[in-house]
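# Descriptive analysis of the structure
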Amino acid sequence: MLPIMHVLVIGGAGYIGSHVTYSLLNAGHRVTVIDNLSSGLRENLLPDTGFLHGDIRDAQWVEEQFSTAPYDAVVHLAALKAAGESMHAPERYSRSNICATINVVSAMARHGVKRLVFSSSAAVYGEPRYLPVDEDHPTEPTNFYGFTKLEIERILHWFDRLRGIRFAALRYFNAAGYEPDGAVTGLEQNPANLLPIIMEAAVGMREQVAVFGNDYETRDGTGLRDYVHVTDLADAHVRALGAIDAHDRSLTVNLGSEAGITVQEMIDTARRITGKTIPATVSPRRAGDPAQLIASSARARELLEWVPQYSDVDTLVRTSWAAYSR
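The structure contained in this document is the topic of the report that follows. Just so it is clear, the model here is predicted, and its values are computed rather than measured.

## Quick look at the pairing of strand S4 (residues 73-76)
Both faces of the sheet carry side chains from a regular strand, because those side chains alternate between them. Both faces of S4 are covered, namely the face carrying Ala73 and Val75 and the face carrying Val74 and His76. In terms of strand pairing, strand S1 (residues 6-10) meets S4 through four bridges, oriented parallel. Bridge assignment links Val7 to a residue of S4, and that residue is Ala73. Inspection of the sheet shows S4 paired to strand S5 (residues 115-121) by three bridges, in the parallel sense.

Structure (structure tokens):
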């Protein structure tokens, strides 16, 4: 039985972070959120949570936060995440992702906080050599964002070895959807992912959806990806805290649905559920985009006892439409 904890959620006002906070609260935990609100939203700060407005790139500020309250665990979701931008701004991504994380785990070590759940990414794998992608797949990122996530994982292994901080690195595939009961209402800011872009087109926030390539070797020619509902992701974070204690070791697991959805299938489903036309135009393929990317989540099923409940295409679209149509 997982003990009730005081959990510090870094990036808890963001899209995924607010859903994680909601799941932690539902599990009975006490939650304090750190967020600089550069992309997170105040409306995502849920009742019954503490809030610290600040930036983890400031090592002294981070130290002060750990000095003023005892935390049992940290969930770290704050990062810059635009893969394309990372190729043009490696210095900025190094400071925001790698250096900021070192500030956090250094403060954890000094204050005896021994549990960390880290938001990693399927971007650590790079081009898939085989499908489905499991955790033993070679890690060769094709963008600097993916490199920062992989480098942080390596740093965490050393902090486990040298400082006794147990961690769960959760390698997300494509997060999508919204909490089915409507608890989280803040929309993603400047989204780069397919489903929120489709939703923005459905409500008139953008003119159309760009489909990058329709000549891939997939069932309809458009790219195929593994989408996991954000509520399923959030559940995995809560389970990861328990798994760290239960196994008394650090963990690295994929979080995906193990089912692929093509770009065209997502658009068609959105048109059916929303009743909107949703204009879409085909553009050339983007460099580096694989035809298919599907996860193996067998290790998450084994170690976290995690099975996605909401990651079918209809639920992904329906819960997103509920948020956007408000």
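Anyway, onward from the coordinates.
## Some remarks on the sheet that holds strand S2 (residues 30-35)
Strand order in this open sheet of seven strands is S3-S2-S1-S4-S5-S6-S10, and the pairing throughout is parallel. Of all the strands in the sheet, just strand S3 (49-53) and strand S10 (251-255) have a single pairing partner and so form its edges. In this sheet, adjacent strand axes meet at a mean angle of 20° when their direction is disregarded.

## A closer look at helix H5 (residues 144-163)
Three- or four-residue spacings in an α-helix give side chains the same orientation, since the helix completes a turn every 3.6 residues. For H5, spanning 20 residues, the distance from its first C-alpha to its last is 27 Å, which sits close to the expected 28 Å at 1.5 Å a residue. Taken together, the buried positions of H5 are Phe144, Tyr145, Gly146, Thr148, Lys149, Leu150, Ile152, Glu153, Ile155, Leu156, Phe159 and Asp160. For H5, the secondary structure elements touched by its buried residues are helix H3 (83-86), helix H4 (90-110), S5, strand S6 (166-172) and S10. You can read the cap of H5 off the contacts: a side-chain oxygen lies 3.3 Å from the backbone nitrogen of Tyr145, and it is on Asn143. Just downstream of H5 lies Gly164, where phi reads positive at about 75°.

## Considering the pattern of salt bridges
With the rule as written, the count across this model stands at 20 salt bridges. A single network of salt bridges, built from pairs that share partners, joins Glu135, Asp136 and Arg299.

## Digging into the packing of aromatic side chains
This model, assessed by the stated rule, comprises four aromatic pairs. Arranged with centres 5.7 Å apart and planes meeting at 75°, the rings of Phe66 and Tyr71 form a pair that is edge-to-face. Tyr71 sits in the buried class, given a relative accessible area of 8%. Ring centres of Tyr178 and Tyr324 lie 6.3 Å apart, and the angle between their planes is 85°; on these two criteria the pair is classed as edge-to-face. Highlighted residues: Tyr178 in the loop between strand S7 (174-176) and helix H6 (194-202) and Tyr324 in helix H10 (residues 313-324), separated in sequence by 146 residues. Tyr178 sits in the buried class, given a relative accessible area of 3%. Members of the aromatic cluster, joined through ring pairs, are Tyr15, Tyr178 and Tyr324.

## Quick word on the nonpolar core
Counting residues in each nonpolar core, the largest one holds 57 residues, and the members touching the most others are Ile16, Leu24, Leu170, Ile198, Leu255 and Leu304. Top element by residues in this core is helix H7 (residues 230-247). It accounts for nine residues. Setting aside anything within four residues of it in sequence, one finds Leu24 in contact with Val7, Val9, His29, Val31, Val75, Val238 and Leu241. Within the second largest apolar cluster, 25 residues are counted, among which are Val62, Tyr71, Val104 and Leu116.

## Points about the packing of helix H1 (residues 15-26) against H7
At a closest axis distance of 8 Å, the pairing of H1 and H7 adopts a crossing angle of 55°. The angle between the axes of H1 and H7 places the two elements in the oblique class. Every pair of crossing elements has a handedness; the one defined by H1 and H7 is right-handed. Between H1 and H7, the contacting residues are Tyr15, Ile16, His19, Val20, Ser23 and Leu24 on the first element and Val230, Thr231, Leu233, Ala234, Asp235, His237, Val238 and Leu241 on the second. Of the residues in the contact of H1 with H7, the class split is nine nonpolar, four polar and one charged.

## Remarks on the packing of H4 against H5
At a closest axis distance of 10 Å, the pairing of H4 and H5 adopts a crossing angle of 20°. The angle between H4 and H5 places the two elements in the roughly parallel class. Handedness of the H4/H5 crossing: right-handed. Contacts between H4 and H5 pair Pro90, Tyr93, Ser94, Asn97, Ile98, Thr101, Ile102, Val105, Ser106 and Ala109 from the former with Phe144, Tyr145, Phe147, Thr148, Glu151, Ile152, Ile155, Leu156, Phe159 and Arg163 from the latter. Of the residues contributing to the contact of H4 with H5, the split by class is 13 nonpolar, five polar and two charged.

So, how was this worked out
- Residues numbered from 1 in each chain as written.
- Predicted model: local features only at pLDDT ≥ 70, side-chain atom pairs only at ≥ 80, totals over all residues.
- Heavy atoms only, no water.
- Buried < 20%, exposed > 50% of the residue type's maximum accessible area, 1.4 Å probe, protein only.
- Helix = DSSP H or I, 4+ residues; strand = E, 2+ residues; numbered from the N terminus.
- Pairing = 2+ DSSP bridges.
- Axes fitted to C-alpha atoms, helices over the stretch in contact; angles between N-to-C directions.
- Expected span 1.5 Å × (residues − 1).
- Contact = heavy atoms within 4.5 Å.
- Polar contact = N/O pair within 3.5 Å; in protein donor to acceptor, adjacent residues only side chain to side chain.
- Salt bridge = Lys/Arg side-chain N within 4 Å of Asp/Glu carboxyl O.
- Phe/Tyr/Trp six-rings, centres within 6.5 Å; stacked < 30°, edge-to-face > 60°.
- Core = buried A, V, L, I, M, F, W, Y, C linked by side-chain atoms within 4.5 Å.
- Parallel < 35°, antiparallel > 145°, perpendicular 65-115°, else oblique.
- Left-handed = near helix turned anticlockwise from the far one by under 90°.
- Nonpolar A, V, L, I, M, F, W, Y, C, P; charged D, E, K, R; others polar.

What is shown is where atoms sit, not what they do.
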